[in-house]
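This is what each chain is made of:
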Amino acid sequence: MPIHRRVFIASSLTAGASAAFLPLIQASRAEDDLFELTAANNRQYLFDENAAASDLWSYNAETPGPEIRVRRGHKVRVRLINQLEEPTSVHWHGIRIANAMDGVAGLTQEAVKPGESFEYDFIAPDAGTYWYHAHNRSWNQVGRGLYGPLIVEEEVEAFDREHDLTLVLDDWRLDQTGALHLASFGSLTDWSHGGRLGNWLTVNGKSNPKFQLTAGEAYRFRLINAANSRVLEIDPSRFGAKILAFDGHALPEPVFLPYAPLLLGPAQRVDLLVRPENDFELEELSGDQSFAFANFTVSGSARASQNEVALAPNQLPEPDLHAALNVKLDMTGGAMGGGQPITYQGKVLTGEEFRTTGQVWAFNGTANLATEPLFSAKAGQSVVVETINNTAWVHAMHVHGHHFQIVERSGSTIDEGTLWRDTFLVGPQQTTKIAFVADNPGKWLLHCHMLEHAAAGMNTWFEVR
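This report concerns the structure included in the present document. (Residues numbered from 1 in each chain as written. Predicted model: local features only at pLDDT ≥ 70, side-chain atom pairs only at ≥ 80, totals over all residues. Heavy atoms only, no water.)

Overview of empty space enclosed by the protein
Counted under the stated rule, the structure contains three cavities of 30 Å³ or more. Each pocket or cavity is described by its volume, and for the largest cavity that value is around 80 Å³. Lining the largest cavity are Val142, Gly143, Asp170, Asp171, Trp172, Arg173, Leu180, Arg196, Leu197, Gly198 and Asn228. Tallied by class, the residues present in the lining of the largest cavity amount to four nonpolar, three polar and four charged. Volume-wise, the second largest cavity comes out at about 60 Å³. In terms of lining, the second largest cavity is formed by Arg96, Leu316, Pro317, Gly401, His402, His403, Trp420, Phe436, Val437 and Asp439. Its residues assigned to classes, the lining of the second largest cavity comprises five nonpolar, three polar and two charged. (1 Å grid on protein atoms, 1.4 Å probe; cavity = no way out; pocket = protein on both sides within 12 Å on 5 of 7 lines; lining within 4 Å. Points joined across faces, edges and corners; volume = space filled by probe spheres on them. Nonpolar A, V, L, I, M, F, W, Y, C, P; charged D, E, K, R; others polar.)

Observations regarding the environment of Ala310
Inspection of the secondary structure assignment puts Ala310 in the loop between strand S20 (291–299) and strand S21 (325–333). We classify Ala310 as exposed; its relative accessible area is 52%. Linking Ala310 and Asp170, residues 140 residues apart in sequence, is a C-alpha distance of 28 Å. Once residues within four sequence positions are removed from consideration, Ala310 is found in contact with Ala158 and Pro252. (Helix = DSSP H or I, 4+ residues; strand = E, 2+ residues; numbered from the N terminus. Buried < 20%, exposed > 50% of the residue type's maximum accessible area, 1.4 Å probe, protein only. Contact = heavy atoms within 4.5 Å.)

A closer look at the side chain of Asn42
Tracing the chain through its elements places Asn42 in strand S2 (residues 34–44). Given the relative accessible area of 14%, Asn42 is considered buried. A polar atom in the side chain of Asn42 sits 3.4 Å from the backbone oxygen of Ala61. In this view, Asn42 contacts Ser54, Asp55, Leu56, Ser58, Ala61 and Glu62; residues no more than four positions away in its chain are not counted. (Polar contact = N/O pair within 3.5 Å; in protein donor to acceptor, adjacent residues only side chain to side chain.)

Topic: the sheet that holds strand S8 (residues 128–134)
Whenever strands of a sheet pair, they do so through backbone hydrogen bonds, lying parallel or antiparallel. As summarised here, the arrangement of the four strands in space is S4-S9-S8-S6, forming an open sheet in which the pairing is mixed. Either end of the sheet is taken by a strand with one partner, and the two such strands are strand S4 (68–71) and strand S6 (90–93). Neighbour to neighbour, the strand axes of the sheet diverge by 20° on average, direction disregarded. For S8 and strand S9 (residues 147–153), the ladder comprises six bridges, and the chain directions are antiparallel. Its bridge partner lying in S9, Thr129 is registered against Ile151. (Pairing = 2+ DSSP bridges. Axes fitted to C-alpha atoms, helices over the stretch in contact; angles between N-to-C directions.)

Topic: the packing of aromatic side chains
Enumeration over the complete set of coordinates arrives at 17 aromatic pairs. Relative to Phe296, the ring of Phe221 has its centre 5.1 Å away and its plane inclined at 25°; by these criteria the two rings are stacked. Of this pair, Phe221 sits in strand S13 (residues 219–225) while Phe296 sits in strand S20, and the two are 75 residues apart along the sequence. Accessibility assignment for this pair places Phe221 and Phe296 in one class, buried. Through successive ring pairs, a cluster of aromatic residues spans Tyr59, Trp92, Phe118, Tyr120, Phe122 and Tyr132. Directly above the aromatic system of Trp57 lies the positively charged group of Arg144, at a separation of 4.7 Å from the ring centroid. The lysine or arginine in question, Arg144, covers the ring of Phe185, its NZ or CZ lying 5.1 Å from the ring centre. (Phe/Tyr/Trp six-rings, centres within 6.5 Å; stacked < 30°, edge-to-face > 60°. Lys NZ or Arg CZ within 6 Å of the ring centre and 35° of its normal.)

Focus: the environment of Gly216
Tracing the chain through its elements places Gly216 in the loop between strand S12 (210–214) and S13. Residue Gly216 is classed as buried on the basis of its relative accessible area of 1%. For the pair Gly216 and Gly300, spaced 84 residues apart in sequence, the C-alpha separation works out to 8.5 Å.

Notes on the pattern of salt bridges
The tally for this structure, following the rule as stated, stands at 31 salt bridges. With its nearest N and O atoms 2.7 Å apart, the salt bridge here joins Arg79 to Glu36. Of the two residues, Arg79 sits in strand S5 (residues 75–82) while Glu36 sits in strand S2, which places them 43 residues apart along the sequence. One continuous salt-bridge network, built from bridges that share partners, spans Glu67, Arg69, Arg71, Glu153, Glu154, Glu157, Arg161, Asp164, Arg220, Arg222 and Asp271. (Salt bridge = Lys/Arg side-chain N within 4 Å of Asp/Glu carboxyl O.)

Thoughts on the nonpolar core
If you look at the biggest cluster of nonpolar residues, it comprises 112 residues, and the most contacted ones within it are Trp92, Phe221 and Leu223. Apart from the residues lying within four places of it in its own chain, the contact partners of Phe221 are Leu165, Leu167, Leu213, Val270, Asp271, Leu272, Val274, Phe280 and Phe296. Of all hydrophobic cores here, the second largest spans six residues; its members include Phe159, Ala218, Leu273 and Leu311. (Core = buried A, V, L, I, M, F, W, Y, C linked by side-chain atoms within 4.5 Å.)

Quick look at the structure:
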C-alpha cells in the first residue's frame, strides 16, 4: 500500500514513570439506564508528574473519557452536559446510528451551547470496538482530549474483563515543560500539510504504562487511534498477535497479518488476539528507530488452552456492485497541491483568502459542505465511491452511518474485499474504491479524519432518502 511513512518526532524529554494496570472506567449513571458525560476543563499529566500538567478538555474529568460498555442490540442513553467555553456535540464513531443521534454539529443537530445539555438515545446494532468524540471544532476539541471508548459486547463474551484490554492511543504535541502545546492549535501550516502531529504517545492518557499479563492466556487488545492526524505504524507479529477485528468488525477467524507494519490511521481501530509468552513492548515504527510506548510484563509458566478464539460476526448487507450508484470524489489542495481552484461558500478563493478562510483542501473542487450532497441514494441502494487522492498527503476517510468494503485500491496486492471498515487510508496519488449499501436514512458526513484537513475543507455529505 503506497502510503508515505511518517517520521515520529522523538521527544526531547526523558522517559516517563510507569503506570499501574489501568482499571475499567465506567461512565457515571444519572438513572438506571442513563449515563452522564460532562465536558469541562481539566488538568492532567500527559508526560509524568515531574513535568507540567496540561490544560485539557475532558469528559468526566479524565482523558480518555469513561469507557461505555453495552451489549449488541441494546439501547444507549447518554446525557451530554456542556461546561466548556464553546459549543460542542458528541459523535458515536462507527455506530450505525439513527441520523438525529449522529452528533454532527451543523448537519444532524445544533451544537450544545455552554451551560446546556443534550440527550443521545440510540441502539448499538453491531458488536465491536468503537469510540465517541467531540464533533464541533473537532481539530480543537478532540485535540484537547474530548474522546472516550465505546465498547459493544457480543451476546456471548469470548473474553472476561481481565483479558479484555482497551488501549486508547493518542499523539500529543508537548512543549519543553511536558505540557500540551496550546499556542500551536489552528496552525495553517498543520492544516495545509500533514495535520497536527505530536511528539509524545500516551495509552489511556498515561505515559509509558506497564501492564501485567499471564503467560499463555488469551487476551483481547482493543487499539483505538484517537490522534488528530498521526498514522501509527505497529507490527503485531513482533509479539505473536493475530488480528481479531478491524473497525469493530470481526474477521471470520483470527489471522496473522501477512504484511508489516500495520498502519492504524486516525479513528481506526484494530482488535488483537495476544497469547503472551515473554515480556514485550508496543512500539511505533515509523521513525528511524522504534519507539516503545507501552510495556507488558508476562508472568507464570503454565500453558493455557490453545483453542482458537473466534468472534460472532455482525450482519451487514452486501453491496451489489453491478447495480451500484457510482460516485467520484476527487481530493485536491494542500501544500504542494498544484494550485487547483477551490470554491468555498460559492466563491472561488484567491490569494490571501486561503489564509483568512483556512480553506486549503477540496472535494470535487469545493471546500467544506457544499450546498448539494455529493450524492443522493434511495434507501437500500448500493453505492461505490471512487476516491482519487490528487494530493501529496495521506488521508483517513470516514463514512458516517454506514460500513463499507474496500473493493479496489491502486498499487496494492492485498485483498481487502471481505473486510468491513468505517475509515480507510488513501495514500498520495492513490485511488481507492469503497462499496456499501446506503440503508440508513438521513444526511451523512463523509470527511477526512485528519481533523485539521477536515476543518480546512475536506468535508462533504451525502443523502439517503
